[in-house]
Amino acid sequence: MSAIYLLRKFSMKSPSRLHRSLLFSKSTNALIRPSSRSIATYPTQRLISSSICYFGKSNWISEKARRIGVSLREFSTSVETNSGDKTFERIHVQSSLNSNSLVVERIHKDDETAIESVSRVEVKNLETLGGKVREESEAEKEAWRILEDSVVRYCGSPVGTVAANDPGDKLPLNYDQVFIRDFVPSALAFLLKGEGDIVRNFLLHTLQLQSWEKTVDCYSPGQGLMPASFKVRTVALDENTTEEVLDPDFGESAIGRVAPVDSGLWWIILLRAYGKLTGDFSLQERIDVQTGIKLIMNLCLADGFDMFPTLLVTDGSCMIDRRMGIHGHPLEIQSLFYSALRCSREMLSVNDSSKNLVRAINNRLSALSFHIREYYWVDIKKINEIYRYKTEEYSTDATNKFNIYPEQIPPWLMDWIPEQGGYLLGNLQPAHMDFRFFTLGNFWSVVSSLSTPKQNEAILNLIEAKWDDIIGNMPLKICYPALEYDDWRIITGSDPKNTPWSYHNSGSWPTLLWQFTLACMKMGRPELAEKALALAEKRLMADRWPEYYDTRSGKFIGKQSRLYQTWTVAGFLTSKLLLANPEMASLLFWEEDYELLDICVCGLSKTGRKKCSRVAAKTQILVR
């Protein structure tokens, strides 16, 4: 029974009913049947009311089986049948590792119907480590209550979580909406707990919104654009009838009217995570979902004037959604883009209609990984190289390809960069390097293997060496250092919300904990994540789960910070669950893809007129 879990046996009194068993295979994460005979089917609405508007009936049995399969994956079980009991099975748990909850479904029978009711027994608040059972902390219990209270329903089904649920907020602005990027840590928390319904619904409904008309001043952006957020509204059809509708925001209502470039990338990343954590790969195989992936990829891979494989975006098109001088080729977008490319390559069905797109994805992956590793990386050796750059080089084999002036190296960086650490630049454009350390971009480069294994180690070395600067009193700085004085006035436009050491201008954001945890677990250094998580747990509950913290060390709650911020809560919970379930965490990151290093599509080697700079640098990239 170690590899296959008996979930439930239908033992009906009526001789016309088939006596069947549903089995779950640990090796394949899929339902299997004990024989070739077809299983008895029953109307799904008789089982549970969870149908989705526009998407028909829910497959209750398979969804519940997936949930149990995830929850019991690390348990060894035995099954005892009691003929005098109304329940079909009793599942006895012998031991568990890396699991903090157990979900057992008990099914009662009745003479008239196959299933009369379903009672869900949850053994919560348990985490077994080395044979010791530990109860969840009070902070974890409260966090789960807040997360569950933040759930938004549409047509009776959960479809996401609001950005913040602060009862004292009289002017919520758009914090009462479901944001795609904000929902990702909530989705992972639900998935790691074994609850996939809300994530599946979210993915399908946001996919439906992708095709909606998007217009600002008579201009429509690309077809594959995903909304930044949506809100469930109730509209009156007539005097006696109302209807729930989804009202998306593609940027036409956002501050600055900026399209959310990262939304589609996060959607693809979450789609892969859903399949990995539930074993339900049927969702990504649907025709409408495959079309959605293609639309996003076609939008990202469209030809333009750019000479680089990186995505060119405006300021405010990602988590930093206000003017902060990140226009151009910001690292956060590039790391998410790289992840979305790898996800799409995994999930796309290769056929005549998609083979050209898959080829384009492979080519871009190869070019993008080389570009970021070679030109974005800075450590003490690279800074010394930039310090000695010659400028105004007109040549195909120039060393200073972007014509960077050494005077751009900021004085703080000379003493700040550690001997054994390094990081990826925040941005790179002609004659411009942004030397700020951007946390999300660097962490996601580690998670996705956009950076090399040695670079990954150096990034975590830098975090450890500069703990007081990046972590301080509350993890984690969104970027470091802050823009101050004339830089703040010129670059942010004197933004009163992005004052130095506040909000996007080097504020501390607890939601970044889950990305930090995933990066640390990938590199075999979970103790760094545990240390940061323990620091956050001391304050978050007492401070009422703020959106962000202010000051250089993150000592004060942000001056305009919303309380009971959902992704603060979800980031904390997801970090806890990842650390408790390392096998599940390993499904969410990518290892090095060595095949990409061998792909070169520029064709320069064939012409002989020019030399491919990649060939000369390739050996350095492999060992750096």
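As recorded in an unreviewed UniProt entry, the protein goes by Alkaline/neutral invertase and comes from Noccaea caerulescens. Taken directly from UniProt, the Sequence similarities (unreviewed entry) text for the protein runs: "Belongs to the glycosyl hydrolase 100 family." According to UniProt, the comment filed for the protein under the heading Catalytic activity (unreviewed entry) is "Hydrolysis of terminal non-reducing beta-D-fructofuranoside residues in beta-D-fructofuranosides."

For the rest of this paragraph, the subject is the overall build of the protein. For the protein, the count of helices and strands is 23 helices and 22 strands. Buried residues in the protein amount to 56% of all 624 residues. Put simply, the protein shows about 27600 Å² of open surface, and 51% of that area lies on carbon and sulfur atoms.

With that settled, consider the pairing of strand β10 (residues 151-154). Every second residue of β10 is oriented toward a common face, the buried set being V152 and Y154 and the non-buried set V151 and R153. Sheet analysis places β10 next to strand β11 (residues 157-161), joined by 4 bridges and oriented antiparallel. Each residue of the ladder has a partner; that of R153, found in β11, is P158. Linking β10 to β11, which pair antiparallel, is a turn of 2 residues; within it C155 sits at a positive phi near 55 degrees.

So, on to the packing of aromatic side chains. Enumeration over the complete set of coordinates arrives at 20 aromatic pairs. With 5.6 Å between their ring centres and 75 degrees between their planes, Y423 and F437 make a pair best called edge-to-face. Here F437 lies in strand β19 (residues 437-438) and Y423 lies in strand β16 (residues 422-424), a separation of 14 residues in the sequence. For F437, a relative accessible area of 0% translates into the label buried. Pairwise contacts between aromatic rings join W412, W416, Y423, F437, Y480 and W501 into one cluster. Over the ring of W144 we find K193, and its NZ or CZ is 4.2 Å from the ring centre.

All right, on to the packing of helix α14 (residues 453-465) against helix α17 (residues 513-522) then. Interaxial distance between α14 and α17 falls to 10 Å at its minimum, and their mutual angle equals 125 degrees. Overall, the two elements α14 and α17 adopt an arrangement that is oblique. The two elements α14 and α17 cross, and the hand of that crossing is left-handed. Residue-level contacts link N456, L460 and I463 of α14 to F516, A519, C520 and K522 of α17. Broken down by class, the residue content of the contact of α14 with α17 amounts to 5 nonpolar, 1 polar and 1 charged.

Opposite charge on two side chains permits them to pair, given that their charged atoms come into close proximity. Tallying each qualifying case throughout the model produces 23 salt bridges. Where D176 meets K231, a salt bridge forms, and the shortest distance between an N and an O atom there is 2.6 Å. On the criterion of sequence distance, the pair formed by D176 in the loop between β11 and β12 (178-179) and K231 in strand β13 (residues 229-236) is long-range, its members being 55 residues apart. Overlapping salt bridges bring together E135, E138 and K141 as one network.

Let us now look at unusual backbone geometry. In this structure, the amide linkage connecting P475 to the following residue, L476, adopts the cis form with an omega of -5 degrees. Relative to the elements of secondary structure, L476 occurs in the loop between α15 (467-470) and β20 (479-480). With an omega of -5 degrees, the peptide bond between Y480 and P481 qualifies as cis. Along the polypeptide, P481 turns up in the loop between β20 and α16 (485-491). Located in the positive-phi region is Y503, a residue other than glycine, with phi close to 50 degrees. Examined against the element boundaries, Y503 turns out to sit in the loop between α16 and α17.

Let us look at helix α18 (residues 526-537). With 12 residues, α18 should reach 16 Å at 1.5 Å per residue; the first-to-last C-alpha distance of 16 Å fits that figure. Restricting attention to buried positions, one finds in α18 the residues L528, A529, A532, L533 and A536. Angular distribution of buried residues about the axis of α18 spans 130 degrees; they occupy a single face of the element.

This brings us to the confidence of the model for the protein. For the protein, the mean per-residue pLDDT works out to 80, and 75% of the residues sit at or above 70. Predicted confidence is poor over residues 1-52, with pLDDT under 50, and the contacts of this stretch with residues over four places away or in other chains come to 116 contacts. Note on residues 54-132: pLDDT is under 50 here. Beyond four places in sequence and across chains, it has 191 contacts.

Another point: the environment of C520. Here C520 shows up in helix α17. Owing to a relative accessible area of 0%, C520 belongs among the buried residues under this scheme. Sequence separation between C520 and L460 is 60 residues, and the spatial gap between their C-alpha atoms is 7.5 Å. Among all residues touching C520, those that are not within four sequence positions of it are L460, R525, P526, L528 and A529.

The next subject is the sheet that holds β12. Strand order in the open sheet formed by 3 strands is β12-β13-β14, with antiparallel pairing between adjacent strands. Looking at the sheet topology across the chains shown, the edges are occupied by β12 and β14 (242-249).

To continue, consider α17. Among the 10 residues of α17, 10 are classified as buried, and the element is accordingly described as predominantly covered. Listed in full, the buried residues belonging to α17 are L513, W514, Q515, F516, T517, L518, A519, C520, M521 and K522. G524 sits one or two positions beyond α17 and adopts a positive phi of about 70 degrees.

Time to look at the packing of helix α13 (residues 439-448) against α17. Running from N to C, α13 and α17 cross one another at 35 degrees; their axes reach a closest spacing of 9 Å. The handedness of the crossing between α13 and α17 comes out as left-handed. Between α13 and α17, the residues in contact are L440, F443, W444, V446, V447 and S448 and W514, Q515, F516, L518, A519 and K522, respectively. Within the contact of α13 with α17, the residues separate by chemical class into 9 nonpolar, 2 polar and 1 charged.

Within the fold, R181 resides in helix α4 (residues 180-193). As a C-alpha pair, R181 and S229 span 48 residues in sequence and 8.6 Å in three-dimensional space. Excluding its chain neighbours within four sequence positions, the residues that come into contact with R181 are P260, D262, W266, C318, M319, D321 and W567. Only 3.2 Å separates the side chain of R181 from the backbone oxygen of C318, close enough to count as a polar contact.

The biggest cluster of nonpolar side chains holds 151 residues, and the ones touching the most others in it are W267, M297 and F516. Looking at this core element by element, the count peaks at 10 residues for helix α6 (residues 261-278). F516 has contacts with F443, L460, I463, W467, L476, L528, A529 and A532, leaving out every residue within four places of it along the chain.

Rules of the game
Residues numbered from 1 in each chain as written. Predicted model: local features only at pLDDT ≥ 70, side-chain atom pairs only at ≥ 80, totals over all residues. Heavy atoms only, no water. UniProt positions renumbered as here; feature names shortened; annotations may be inferred. Helix = DSSP H or I, 4+ residues; strand = E, 2+ residues; numbered from the N terminus. Buried < 20%, exposed > 50% of the residue type's maximum accessible area, 1.4 Å probe, protein only. Areas by Shrake-Rupley, 256 points an atom, 1.4 Å probe, with all protein chains shown as cover. Pairing = 2+ DSSP bridges. Phe/Tyr/Trp six-rings, centres within 6.5 Å; stacked < 30°, edge-to-face > 60°. Lys NZ or Arg CZ within 6 Å of the ring centre and 35° of its normal. Axes fitted to C-alpha atoms, helices over the stretch in contact; angles between N-to-C directions. Parallel < 35°, antiparallel > 145°, perpendicular 65-115°, else oblique. Left-handed = near helix turned anticlockwise from the far one by under 90°. Contact = heavy atoms within 4.5 Å. Nonpolar A, V, L, I, M, F, W, Y, C, P; charged D, E, K, R; others polar. Salt bridge = Lys/Arg side-chain N within 4 Å of Asp/Glu carboxyl O. Expected span 1.5 Å × (residues − 1). Arc of directions from axis to C-beta. pLDDT = per-residue confidence, 0-100. Polar contact = N/O pair within 3.5 Å; in protein donor to acceptor, adjacent residues only side chain to side chain. Core = buried A, V, L, I, M, F, W, Y, C linked by side-chain atoms within 4.5 Å.

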